Amino acid sequence: MSRTTVPFTVPSFAGEVSDAVVKVLDSGWVTTGPQTAAFEQDFADFLGAPHVVAVASCTTALELCLRAMDLPPGSQVLTPSLTFCGAINAILHAGHRPVLVDIDEDTLVPSPETVAAAAARTTPRAMIVQNQGGYPVDVPALAAAAGLDRTRVVEDAAHGPGAAREGRPVGSESFAACFSFYATKNMPIGEGGAIATVDQDLADRVRAMRLHGMSKDSWKRYLPGGSWRYDVKDIGLKANMTDIQASIGRAQLAALPAWQRARGELVARYDEALDGLPGLTLPQRKLDGVQHAWHLYQVRVPERDALIAELEAAGVATSVHFIPASQMTSYRQILGAQECERVPVTDRVAEELLSLPLYPGLSPDGQDRVVSALTEALRARD
Ligand SMILES: Cc1ncc(COP(=O)(O)O)c(C=O)c1O
C-alpha cells in the first residue's frame, strides 16, 4: 500500500485520554478499581441502563452472559451466520451449539421470519442477536419469533453504542447487551467490553464471574478494613477491565456524541455521492424509528473481490463484514455441511458486502478519494 492510502479505520482518541491515564498510573492502583466503577456508572448513564459491568472484551461479555444463563450443556443457541467469529466462539466456549440463522437482505440482520425458520428446525434455549454495522435489531420481535423469553436473549452490541430503536438506546432495556471497545469500534479504548442489563441478579453474577468467580475483587480486599478472604461460588473467566482502560473509556465517552454526529455526516455525504452508481447497492435501510450507530458503511457490489483490489491500487483500503460462520473451517467441522447450507441469503449477500472507510477522523478529502476511486472503478465496468 502506498503511503497516501486512505486507511479503512483510524481510532479517535479524546485529548483528555493522556492525562487520565497518567493519573491512574500515578494513583498506585491500575487494575479493576474506582475508575472501573466510575466508567460503569458513566456508561450506564449514557445508555440509560440500570446496570453496567465492565469487562475485558465483547467476546468475554457474550460468554459470561451465556454461562450465567445456566443452560443445560450442549444447548442450541441461535446466532446469525453473518457475524464475527468471537460470537460463535463464545457459544462454543460456554459449552453450547450454535444454530445458524439467515438474514433479511435489506437490513443484513435476521428477521422474525428467518429466526422462526431456524427455531422450527431445532429446540433453541437461547439466542444471540447482533446489531450489524450499528443497525439496532428489534429484540422483542426476534425473541417472540424464537419462542424465547427476553432473559434468554443476549445482544451482541459490539456495533451498538449510539444506536436506538423508537428512541430507546441499545442496551437501555436489555436483559444482556454486550458492547465492544475494541480499537476499531465507535468508542475505542483499544480493548474492552461491557455488559448492560436491567437485571440486578445477572449484574451481580457477571460482576463476580468476570474475575474468576471470586466473591471479592482485590480492590475490595485491599481497601482499608477489607479482608483477604474470598470464596469462589460460580466459576468464571479472567475477563476484568483495568482502571487504565476505564480511565480511557471515561474520556472517550465524553467525546462519543460528537463522533456519532461526524459519522452521520459522513454517511449523508456517501449516500449523496454514491447514489445511482452502476451495480452499487447502498447500505441497509428500513430506518423508520431507528437511530443507526453507523459503525460500518456496508455497500453491496457484484465481483467485490476484484473491486477491493482495484480500490487498493487506487489507495483506498476497505474491509468485509463478515465472512459468514457457515464458511469457516472449524464451524463447518463442528456443525456439519448440512447446517452450514441453511443460510443461503447470507452466503449470497456476503459475497457482495464491502465496508468503506468510515470514522470521525476521515477528512472530506479522504472521503472524496474513496468516492472517486469507487466511481471510476464502477463506471469502467459499465
Ligand atoms: C459483531 C461483533 N461481535 C463481537 C466482536 C468482538 O469484540 P471484542 O473484540 O471486544 O471481543 C466484534 C469485534 O470485532 C464484532 O464486530
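Everything quoted here is computed from the prediction, not taken from an experiment.

What counts, and where the lines are drawn
Residues numbered from 1 in each chain as written. Predicted model: local features only at pLDDT ≥ 70, side-chain atom pairs only at ≥ 80, totals over all residues. Heavy atoms only, no water. Pairing = 2+ DSSP bridges. Helix = DSSP H or I, 4+ residues; strand = E, 2+ residues; numbered from the N terminus. Axes fitted to C-alpha atoms, helices over the stretch in contact; angles between N-to-C directions. Buried < 20%, exposed > 50% of the residue type's maximum accessible area, 1.4 Å probe, protein only. Polar contact = N/O pair within 3.5 Å; in protein donor to acceptor, adjacent residues only side chain to side chain. 1 Å grid on protein atoms, 1.4 Å probe; cavity = no way out; pocket = protein on both sides within 12 Å on 5 of 7 lines; lining within 4 Å. Points joined across faces, edges and corners; volume = space filled by probe spheres on them. Nonpolar A, V, L, I, M, F, W, Y, C, P; charged D, E, K, R; others polar. Domains from an automatic or database assignment. Near = heavy atom within 4 Å. Sits in = over half its atoms within 2 Å of the grid points. Expected span 1.5 Å × (residues − 1). Bend = angle between axes of the 7 residues up to and from the residue. Contact = heavy atoms within 4.5 Å. Buried area = accessible area lost by both parts, 1.4 Å probe. Phe/Tyr/Trp six-rings, centres within 6.5 Å; stacked < 30°, edge-to-face > 60°. Lys NZ or Arg CZ within 6 Å of the ring centre and 35° of its normal.

Visitor: How do you make sense of the sheet that holds strand β9 (residues 193–197) when you look at a structure like this?
Guide: Two strands in a sheet stick together by hydrogen bonds in their backbones, pointing the same way (parallel) or opposite ways (antiparallel). Strand order in this open sheet of 7 strands is β1-β9-β8-β5-β4-β2-β3, and the pairing throughout is mixed. Each edge of the open sheet carries a strand with a single partner, namely β1 (51–55) and β3 (97–101). This sheet shows a mean twist of 25° between the axes of neighbouring strands, independent of strand direction. Pairing geometry for strand β2 (residues 76–80) and strand β4 (residues 124–130), over 3 bridges, is parallel.

Visitor: In this structure, what is going on with the sheet that holds strand β7 (residues 168–169)? I would like to understand it.
Guide: Reading across the sheet, the 3 strands line up as β7-β6-β10 and stay open at both edges, with antiparallel pairing between neighbours. Among the strands making up the open sheet, the edge pair consists of β7 and β10 (290–291). Where strand β6 (residues 164–165) and β7 come together, 2 bridges link them in antiparallel fashion. Paired with Ala164 across the strands is Pro169, a residue of β7.

Visitor: Explanation requested: helix α3 (residues 58–68) in the structure shown.
Guide: Along an α-helix, residues three or four positions apart point the same way, because every turn accommodates 3.6 residues. The element α3 is extensively covered by neighbouring structure, given that 9 of its 11 residues are classed as buried. Along α3, the residues that are buried comprise Cys58, Thr60, Ala61, Leu62, Glu63, Leu64, Cys65, Leu66 and Ala68. Backbone nitrogen of Thr59 and a side-chain oxygen of the N-cap are separated by 3.4 Å at the start of α3; the cap is Ser57. Two residues or fewer past α3, Asp70 is found with a positive phi of approximately 50°.

Visitor: How do you make sense of the layout of surface pockets when you look at a structure like this?
Guide: The rolling of a water-molecule-sized probe over the atoms marks out the regions of remaining empty space. Of the pockets and cavities examined, the largest pocket occupies roughly 620 Å³. For the largest pocket, the lining is made up of 41 residues, of which Phe84, His159, Tyr182, Thr184 and Lys185 are closest to its centre. Looking at the lining of the largest pocket, its residues break down into 23 nonpolar, 14 polar and 4 charged. Both domain 1 (17–254) and domain 2 (256–381) contribute no fewer than three residues apiece to the lining of the largest pocket. Size it by volume and the second largest pocket reaches roughly 260 Å³. Listed by contribution, the elements that provide at least two residues to the lining of the second largest pocket are α6 (139–146) and β7. Here the lining of the second largest pocket is composed, by residue class, of 6 nonpolar, 4 polar and 7 charged.

Visitor: I keep staring at the site of the ligand and nothing clicks. Help me out?
Guide: Every one of the 13 residues lining the ligand counts as a neighbour, but Thr59, Asp156, His159, Ser180 and Lys185 are closest to it. In this structure, His159 approaches the ligand through a side-chain N or O atom, which is 2.8 Å from an oxygen atom. Measuring from an oxygen atom of the ligand, one finds a side-chain N or O atom of Ser180 at 2.7 Å. Of all the cavities here, the one that holds the ligand is the largest pocket. Residues that form the shell around the ligand fall into these classes: 5 nonpolar, 6 polar and 2 charged.

Visitor: Explain helix α9 (residues 243–274) here, please?
Guide: Here α9 spans 43 Å end to end across 32 residues, near enough to the 46 Å set by a 1.5 Å rise per residue. Taking the largest bend as the criterion, α9 deviates by roughly 45°, centred on Leu256, and proline Pro257 comes between one and four positions later. Where α9 ends, the next residue or the one after it, Gly276, has phi of about 90°, a positive value.

Visitor: When you look at the domain arrangement of the protein in this model, what are you seeing that I'm missing?
Guide: Quite often, the size of an interface is put as the accessible area lost when its parts meet. Under the domain assignment used here, the protein contains domain 1 (17–254) and domain 2 (256–381). On a C-alpha basis, the centres of domain 1 and domain 2 stand 25 Å from each other. Across the boundary between the two partners, domain 1 contributes 44 residues, which contact 39 residues of domain 2. Regarding the contact of domain 1 and domain 2, the summed buried area is about 3500 Å², with carbon and sulfur atoms giving 57% of it. Looking only at domain 1, the three residues that lose the most surface to domain 2 are Asp102, Glu105 and Asn186, adding up to 17% of its buried area.

Visitor: Any chance you could explain the packing of aromatic side chains here in plain terms?
Guide: Aromatic ring pairs are defined here through the distance separating the ring centres and the angle between the ring planes. With the rule as written, the count across this model stands at 9 aromatic pairs. Their ring planes at 75° and their centres at 5.5 Å tell us that Phe39 and Phe181 sit as a pair that is edge-to-face. Residue Phe39 is located in helix α2 (residues 34–47), and its partner Phe181 is located in the loop between β8 (177–180) and β9; the two are separated by 142 residues in the primary sequence. You'll find Phe39 and Phe181 in the same group, each marked buried. Ring centres of Phe43 and Phe181 lie 5.3 Å apart, and the angle between their planes is 85°; on these two criteria the pair is classed as edge-to-face. Of the two residues, Phe43 sits in helix α2 while Phe181 sits in the loop between β8 and β9, which places them 138 residues apart along the sequence. Just as Phe43 is buried, Phe181 falls in that class too. The structure contains a cluster of three or more aromatic residues connected by ring pairs, namely Phe39, Phe43, Phe46, Phe179 and Phe181. Against the face of Tyr222 rests Arg221, its NZ or CZ located 5.6 Å from the ring centre.

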